[in-house]
Amino acid sequence: KAGVTQTPRYLIKTRGQQVTLSCSPISGHRSVSWYQQTPGQGLQFLFEYFSETQRNKGNFPGRFSGRQFSNSRSEMNVSTLELGDSALYLCASSLQGTAVFFGEAFFGQGTRLTVV
Amino acid sequence: AQRVTQPEKLLSVFKGAPVELKCNYSYSGSPELFWYVQYSRQRLQLLLRHISRESIKGFTADLNKGETSFHLKKPFAQEEDSAMYYCALHSSSNTGKLIFGQGTTLQVKP
């Protein structure tokens, strides 16, 4: 089956602009999480959506937001971009129903965002 | 606080040597721990999880609750094991949040 797909793969934006990243999860997966990956901070959790509801949120400013659609596809938006937002943004999907154990997260290849 | 610590940024070994990538965690409940691997130009993928107690590509990891550790081991390293390795903690049930360590780059020299 198809893996997690993120678009676009690369983006260059100017400070102050906004950007929207897209993630299509594996078919049947209802949980979509977003992570920011940088050389200095590693992988940091942004937020998670499950059945169109934000279920968990990391410690990022309100400029970072997201949403999930009824088909489980998710978008992440960053407004008023800053130089420090340059990073690889990873999306992960998982089944995550009501099971106690997490199981496995499947990651996309990421969107490389460069803010100039 | 929930935290995952990987003390080594880089671990360099020769082919055939044993490997141990260290991971310590801080979590008040029953942890669910994973090792993820990212090979060059590939996506992050699950290597193994503690609840399945399996060996993948010769790697094993044992959860030690007393020492709050989940070290990744392999008796004989191969060149194809060179990659970035992340230890991750699932912070609570019924959410998809993973807390990652900073990662350790494993370099296996010929």
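Everything quoted here is computed from the prediction, not taken from an experiment. (Residues numbered from 1 in each chain as written. Chains lettered and ligands numbered in written order. Predicted model: local features only at pLDDT ≥ 70, side-chain atom pairs only at ≥ 80, totals over all residues. Heavy atoms only, no water.)

J.: So what's going on with the overall build of chain B? Which residues, and what values?
T.: Within chain B, the secondary structure is distributed over zero helices and 11 strands. By principal-axis analysis of the C-alpha atoms, chain B measures approximately 40 × 30 × 25 Å. Taken over 110 residues, chain B has a buried fraction of 47%. Within chain B, counting contacts between residues at least 6 apart in sequence, those at least 24 apart form 58% of the total. Of the side-chain charges in chain B, 14 are positive and 9 negative, and the distance between the mean point of each set is 5 Å. (Helix = DSSP H or I, 4+ residues; strand = E, 2+ residues; numbered from the N terminus. Buried < 20%, exposed > 50% of the residue type's maximum accessible area, 1.4 Å probe, protein only. Contact = heavy atoms within 4.5 Å. Lys, Arg positive; Asp, Glu negative; His and termini not counted. Charge placed at Lys NZ, Arg CZ, Asp CG, Glu CD.)

J.: I'd like a rundown of the pairing of strand 8 (residues 74-78) of chain A, residues and numbers included.
T.: On a regular strand, each side chain points to the face opposite its neighbour's, so the side chains alternate between the two faces of the sheet. Residue and element names in this part refer to chain A. In terms of residue burial, strand 8 counts as a mostly covered element, since five of its five residues are buried. On strand 8, burial covers both faces: Ser 74, Met 76 and Val 78 on one face and Glu 75 and Asn 77 on the other are all buried. Relative to strand 8, strand 3 (residues 19-24) runs antiparallel, the two being bridged by five bridges. Looking across to strand 8, one finds that Cys 23 is bridged to Ser 74. Where strand 7 (residues 64-68) lies against strand 8, five bridges are found, and the strand directions are antiparallel. Its bridge partner lying in strand 8, Phe 64 is registered against Val 78. Where strand 7 hands over to strand 8, the hairpin turn is made up of five residues, of which Ser 72 adopts a positive phi near 80°. (Pairing = 2+ DSSP bridges.)

J.: Residues and numbers for the sheet that holds strand 7 (residues 60-61) of chain B, please.
T.: Residues and elements named next belong to chain B. Spatial strand order, 3-8-7: three strands in an open sheet with antiparallel pairing. Either end of the sheet is taken by a strand with one partner, and the two such strands are strand 3 (19-21) and strand 7. Inspection of the sheet shows strand 7 paired to strand 8 (residues 72-74) by two bridges, in the antiparallel sense. What sits directly across from Ala 61, in strand 8, is Leu 72.

J.: A description of the packing of aromatic side chains should follow, citing residues and the corresponding values.
T.: What the rule picks out here adds up to 11 aromatic pairs over all chains. Centroid distance Phe 59 of chain B to Tyr 85 of chain B: 5.6 Å. Interplanar angle 50°. Geometry classified as tilted. Pair noted here: Phe 59 of chain B is in the loop between strand 6 (45-49) and strand 7 and Tyr 85 of chain B is in strand 9 (residues 83-90), with a separation of 26 residues, a long-range link. Each of the two residues, Phe 59 of chain B as well as Tyr 85 of chain B, counts as buried. Put simply, the rings of Tyr 35, Phe 45 and Phe 107 of chain A together with Phe 34, Tyr 36, Tyr 86 and Phe 100 of chain B touch in pairs and so form one group of aromatic residues. Across from the ring centre of Phe 50 of chain A, 4.2 Å away, lies the NZ or CZ of Arg 55 of chain A, which sits over that ring. For the cation-ring pair, Lys 109 of chain B lies above Phe 14 of chain B, with the distance from its terminal atom to the ring centre recorded as 4.5 Å. (Phe/Tyr/Trp six-rings, centres within 6.5 Å; stacked < 30°, edge-to-face > 60°. Lys NZ or Arg CZ within 6 Å of the ring centre and 35° of its normal.)

J.: Tell me about unusual backbone geometry, and please be specific about residues and values.
T.: Residue Pro 8 of chain A is reached from Thr 7 of chain A by a cis peptide bond, and omega for that bond is -10°. Position of Pro 8 of chain A among the secondary structure elements: in the loop between strand 1 (5-7) and strand 2 (10-13). A positive phi angle, near 45°, is found at Thr 68 of chain B, a position not held by glycine. Position of Thr 68 of chain B relative to the elements: it lies in the loop between strand 7 and strand 8. Judged by its relative accessible area of 29%, Thr 68 of chain B is partly exposed.

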